[in-house]
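Analysis of the macromolecular model
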Amino acid sequence: MELLQILLLALVPTIAIELGVLLFVRERRRKVLLASVVMNILTNIPLNFLMICLEGDDIVLFTAEAVVIVLEALGYMLVVRQWKQSFIYSFLCNSISFLSGLLVYMLYDIIF
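Overview of the structure. Source: prediction; values computed, not measured.

Criteria and thresholds
- Sequence order as written defines residue numbering, which begins from 1 separately in each chain.
- Selection of residues for local features in this predicted model requires a pLDDT of at least 70, selection of side-chain atom pairs for listing and counting requires 80 or more, and totals for whole chains, interfaces and linings are taken over all residues.
- Note that water and hydrogens are dropped before the side-chain values are worked out from all heavy atoms of the structure.
- Secondary structure counts use DSSP, requiring at least four H or I residues in a row for a helix and at least two E residues in a row for a strand, with both numbered from the N terminus.
- Each residue is placed in one exposure class: buried if its accessible area under a 1.4 Å probe, protein chains only, is under 20% of its type's maximum, exposed if it is over 50%, and partly exposed if it falls in between.
- Pairing of aromatic rings covers Phe, Tyr and the six-membered ring of Trp, with a centre-to-centre limit of 6.5 Å; geometry is then stacked below 30 degrees between planes, edge-to-face above 60, and tilted otherwise.
- A helix is expected to span 1.5 Å multiplied by its residue count minus one.
- Note on definitions: a residue-residue contact is assigned when non-hydrogen atoms from the two residues lie within 4.5 Å.
- Only C-alpha atoms enter the line fits that serve as axes; for helices the fit covers just the stretch in contact. Angles between N-to-C directions range over 0 to 180 degrees.
- Angle categories are assigned with fixed cut-offs, so that under 35 degrees is roughly parallel, over 145 is roughly antiparallel, 65 to 115 is roughly perpendicular, and the rest are oblique.
- Definitions for this section: a left-handed crossing has its near helix turned counterclockwise from the far helix by less than a right angle. A right-handed crossing has that turn clockwise.

1. Re the side chain of Ser97
The residue Ser97 is located in helix 4 (residues 83–111) in this model. Assessed through its relative accessible area of 11%, Ser97 is described here as buried.

2. So, the packing of aromatic side chains
By the definition in use, this model includes five aromatic pairs. Ring plane angle 20° and centroid distance 6.1 Å describe the contact between Phe87 and Phe91, whose orientation is recorded as stacked. Taken together, the positions of Phe87 and Phe91, both in helix 4 and four residues apart, correspond to about one turn of that helix. By relative accessible area, which is 35% here, Phe87 ends up partly exposed. Pairwise contacts between aromatic rings join Trp83, Phe87 and Phe91 into one cluster.

3. A short note on helix 4
In this model, helix 4 (29 residues) spans 42 Å end to end at C-alpha, consistent with the 42 Å of a helix rising 1.5 Å per residue. Within helix 4, burial applies to Ser86, Tyr89, Ser90, Cys93, Asn94, Ser97 and Phe98. Those residues of helix 4 hidden inside the fold are in contact with helix 1 (3–24), helix 2 (30–53) and helix 3 (58–80).

4. Let's talk about the packing of helix 1 against helix 4
Between helix 1 and helix 4, the least distance of the axes is 9 Å, while the angle of their chain directions is 135°. Taken as axis vectors, helix 1 and helix 4 run oblique relative to one another. Where helix 1 crosses over helix 4, the two elements pack in a sense that is right-handed. Along its contact with helix 1, which presents Thr14, Ile17, Glu18, Val21 and Leu22, the element helix 4 presents Tyr89, Leu92, Cys93, Asn94, Ile96, Ser97 and Ser100.

Have a look at this one:
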């Protein structure tokens, strides 16, 4: 599989999951939803590229995920204007998408 395909295979479901989380918590402002998409493009691709290069080092993964949570909270802060809500959005979205990806990875490992 090509690098671009791998990166898109991680990015597209992440965007869908995180938009779903925002909609679930009743966030309907288009600028917040658009910010989520843009932030995921800016953070998910480098994160997954880094993980491919480092062959999935767990310590780096958790550290990078923590950095992504902070960066995306700052991004949400630009549109939401409330630090607590921004951090909650970032933490919820990233935690749920990370755990979803982990579940898919574990199921794939069990099946194949």
